[in-house]
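# Analysis of the macromolecular model
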Amino acid sequence: MKKIALISHGCAKNLVDSELILGLLAQNGYEITLNENETDIVIVNTCSFINDAERESVHTILELAEKNKKIIVAGCLAQKYPEELKKEIPQIVATVGTTDFTKIIEILKNIENGYVSEVSKKPEYIYPENINRQQITMGASSYIKIADGCNYRCGYCVIPYLRGDYRSRKMENIITEAKNMVKNGVTEIILIAQDTTSYGIDVYKKPMLAELIKELNKIEGLGWIRIMYAYPTQMSDELLDVIQECEKAVKYVDIPLQHSHPEMLKNMCRPAFDYTHMIDNIRKHIPQVSIRTAFIVGYPGETEEHFEHLYNFVKEMKFDRMGVFCYSREKGTPSYSMKPQVPKRIAKARYNRLMALQQEISKERNNKFVGQKLPCIIECCSDDGEIVARTQYDAPEIDGVVHIHTNKLLIPGDIEIVEIIGASVYDLIGKI
């Protein structure tokens, strides 16, 4: 039996693809390891969203090349540079595109005859429903990819060119996967896609995320349903009401806005309208909501006036959670050749200023939880007695956690009522 190692980079959407690759290998009799030292063949599922992610993937590939491993490069980096990778790194025995990973078994059989490339010129993502995912991160929470690809063409984003147009999965397949996860001990299901709020438009001819949440809400044993990556124009009152009414839907909205100034939004090829009313409307429909967003600073053409507009918008809106990114210039995107490009030092200064503001907002927000009793999902329990949990207002890995003091025996995945006794900028302290 041939042993294959896999290393996964990038976002949760990429993680699901990695788990599908592992499932396909397992179904075809391959032995799987996550330790590259145990085998001579390693699959690296790469990210190429921004330069930093690209560098991380390349660094891994070069480290494996130094160990003289046979490297199969999959995912976004392979889709973007299939020929260049092989030319620069001879140890690469195959490149596999973002929508071609289902051919991995055929590729493994063919690499003995020389270099293999399976990279579709026009990627078209179709979720392989016949593969049982081999989950790397089985725990309290797990991701379900409800769609992939994107029909939007934001000025800074390379994803549509790497993953193709938007494609939804059928609802019954998602429900089946969710039920199986719950049977395997998953408490929280996190719905992901390039844009979750467009779910169903291609298959059912209308947005169906609200209907999907209602169906998931019926699953016995499921604790929480979380939705990530919403899009501003799809935040309908119907969807908001469903999030509020379904007891298993966490009161959390993740909606990357990218900027606030209409000129910048137009330059970014984003919906250019005043987001204030939309945020107010979300809070009206879901009174206890936690809103996470993300912004880009230093986009080509961003002036001090544009940035001040964004700074004041953040100050006024007081987002519960917020990420800020310095613009990353990506070849193949409309913004690559836009002028003037903002110097990196200016973008970094704007990043620092915006994050300092958000830290003040986050600390103020967290202090309000002190004295409250909140349902928290238990993430992990260490041997030294430290227990880490999360409120429904925080997504795994990107938001804050709750550090719990207790003598009670707690089990990861359980949802417990925790009294909040302290707060920092990002995390809470609780007791049971």
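The structure contained in this document is the topic of the report that follows. (Residues numbered from 1 in each chain as written. Predicted model: local features only at pLDDT ≥ 70, side-chain atom pairs only at ≥ 80, totals over all residues. Heavy atoms only, no water.)

As a further point, take the overall build of the chain. Check the secondary structure of the chain and you find 14 helices and 19 strands. For the chain, whose C-alpha radius of gyration is 22 Å, the value lies close to the compact-globule estimate of 22 Å for 432 residues. Considered along the principal axes of its C-alpha atoms, the chain spans approximately 65 × 55 × 45 Å. Counting only contacts in the chain whose residues sit at least 6 apart along the sequence, the fraction spanning at least 24 positions is 73%. Counting only carbon and sulfur atoms, one obtains 50% of the accessible surface of the chain, whose full area is about 19,200 Å². (Helix = DSSP H or I, 4+ residues; strand = E, 2+ residues; numbered from the N terminus. Rg over C-alpha atoms; globule rule 2.2 N^0.38 Å. Contact = heavy atoms within 4.5 Å. Areas by Shrake-Rupley, 256 points an atom, 1.4 Å probe, with all protein chains shown as cover.)

Glancing now at unusual backbone geometry. In this model, Lys339 is joined to Pro340 through a cis peptide bond whose omega is -5°. Looking at where Pro340 falls in the secondary structure, it is placed in the loop between strand S14 (321-326) and helix H14 (344-367). Even without being glycine, Lys205 reaches a positive phi, approximately 65°. Checked against the element boundaries, Lys205 lands in the loop between helix H8 (201-204) and helix H9 (209-216). Phi angles above zero are rare outside glycine, and Gln258 is one such case at about 75°. Relative to the assigned elements, Gln258 resides in the loop between strand S12 (252-254) and helix H11 (262-267).

A word on the pairing of S14. In this structure, strand S13 (residues 290-297) lies alongside S14, joined through 6 bridges in parallel fashion. Pairing of Val297 across the sheet is with Cys326, part of S14. In terms of handedness, the path from S13 via helix H13 (residues 304-317) over to S14 forms a crossover that is right-handed. (Pairing = 2+ DSSP bridges. Right-handed = clockwise from strand over helix to strand, strands pointing away.)

Following the sequence through the fold, Leu357 ends up in helix H14. A C-alpha to C-alpha distance of 9.5 Å links Leu357 and Lys318, two positions 39 residues apart in sequence. Setting aside its immediate chain neighbours within four residues, Leu357 contacts Tyr311, Val314 and Lys315.

Next up on the list: the side chain of His259. Within the secondary structure, His259 sits in the loop between S12 and H11. In terms of polar contacts, His259 uses its side chain to reach the backbone amide nitrogen of His261, at 3.2 Å. At 2.7 Å, the side chain of His259 and the side chain of Glu302 are in polar contact. Residues contacting His259, with those up to four places away along its chain left out, are Met264, Leu265, Met268, Tyr275, Phe295, Ile296, Glu302, His306 and Leu310. (Polar contact = N/O pair within 3.5 Å; in protein donor to acceptor, adjacent residues only side chain to side chain.)

With that settled, consider the nonpolar core. Within the largest apolar cluster, 59 residues are counted, with the highest numbers of intra-cluster contacts made by Leu191 and Leu212. Discounting chain neighbours no more than four positions away, the residues touching Leu191 are Ile144, Ile146, Thr196, Leu209, Leu212, Leu216, Ile225, Arg226, Ile227 and Met228. (Core = buried A, V, L, I, M, F, W, Y, C linked by side-chain atoms within 4.5 Å. Buried < 20%, exposed > 50% of the residue type's maximum accessible area, 1.4 Å probe, protein only.)

Another point: the sheet that holds strand S5 (residues 92-96). Taking strand neighbours across the sheet as the criterion, the 6 strands line up as S2-S1-S3-S4-S5-S6 in an open arrangement whose pairing is parallel. The outermost strands of the open sheet, each flanked by one partner alone, are strand S2 (31-33) and strand S6 (116-118). Taking the axes of each pair of neighbouring strands and ignoring which way they run, one obtains an average angle of 20° across the sheet. As judged from the 3 bridges shared by strand S1 (residues 3-8) and S2, these two strands associate in the parallel manner. Residue Ile4 lies in a different strand from S2, and its bridge partner there is Ile32. Sheet strands touched by helix H1 (residues 12-27): S1, S2 and strand S3 (41-46). Its angle to S1, the strand with the most contacts, is close to 175°. Here helix H2 (residues 51-66) sits on the sheet in contact with S1, S3, strand S4 (70-75) and S5, set at roughly 170° to S3. (Axes fitted to C-alpha atoms, helices over the stretch in contact; angles between N-to-C directions.)

Once that is clear, we can look at the pattern of salt bridges. A side chain with one charge may pair with a side chain of the opposite charge, provided their charged atoms come close. Tallied over the entire structure, the rule returns 31 salt bridges. Of the charged contacts in the structure, one is a salt bridge between Arg133 and Glu19, with a shortest N-O distance of 2.5 Å. Of the two residues, Arg133 is situated in the loop between S6 and strand S7 (141-145) and Glu19 in helix H1; the sequence distance between them amounts to 114 residues. Side by side, Arg133 and Glu19 carry an identical accessibility label, which is buried. Here Arg321 ties to Asp394 by a salt bridge, and the two come within 2.8 Å at their closest N and O atoms. With Arg321 in strand S14 and Asp394 in the loop between strand S16 (387-391) and strand S17 (402-405), this residue pair connects regions lying 73 residues apart in the sequence. With respect to class, Arg321 is no different from Asp394; both count as buried. Shared partners join several salt bridges into a network, and the residues in it are Glu19, Glu129, Arg133, Arg169 and Glu177. (Salt bridge = Lys/Arg side-chain N within 4 Å of Asp/Glu carboxyl O.)

One way to put it is that helix H10 (residues 237-245) packs onto helix H12 (residues 275-285) with a least axis distance of 9 Å and a crossing angle of 35°. Considering only the axes of H10 and H12, their crossing is right-handed. Residues Asp237, Leu240, Asp241 and Gln244 of H10 touch H12, and the partners they reach there are Asn281, Ile282 and His285. Residues that form the contact of H10 with H12 fall into these classes: 2 nonpolar, 3 polar and 2 charged. (Left-handed = near helix turned anticlockwise from the far one by under 90°. Nonpolar A, V, L, I, M, F, W, Y, C, P; charged D, E, K, R; others polar.)

Take the sheet that holds strand S19 (residues 428-431) next. If you walk around this closed barrel you meet the 5 strands as S15-S16-S17-S19-S18, and the pairing is mixed. Taken pair by pair, the neighbouring strands of this sheet meet at an average axis angle of 50°, ignoring direction. Of the strand pairs in this sheet, strand S15 (residues 373-381) and S16 are connected by 5 bridges, and their pairing is antiparallel. In the sheet register, Ile378 faces S16, and the bridge partner there is Ala389.

With 14 residues, H13 should cover 20 Å at 1.5 Å per step; its first-to-last C-alpha distance of 20 Å lies within 8% of that length. His306, Phe307, Leu310, Tyr311, Phe313, Val314 and Met317 are the residues of H13 that are buried. The buried residues of H13 occupy an angular sector of 160° when the element is viewed end-on, so they sit on one face. Opposite the packed face of H13, turned more than 90 degrees from it, sit the exposed residues Glu305 and Glu316. Taken together, the buried residues of H13 touch H11, H12, S13, S14 and H14. Within two residues after H13, Lys318 carries a phi angle of roughly 50°, on the positive side. (Expected span 1.5 Å × (residues − 1). Arc of directions from axis to C-beta.)

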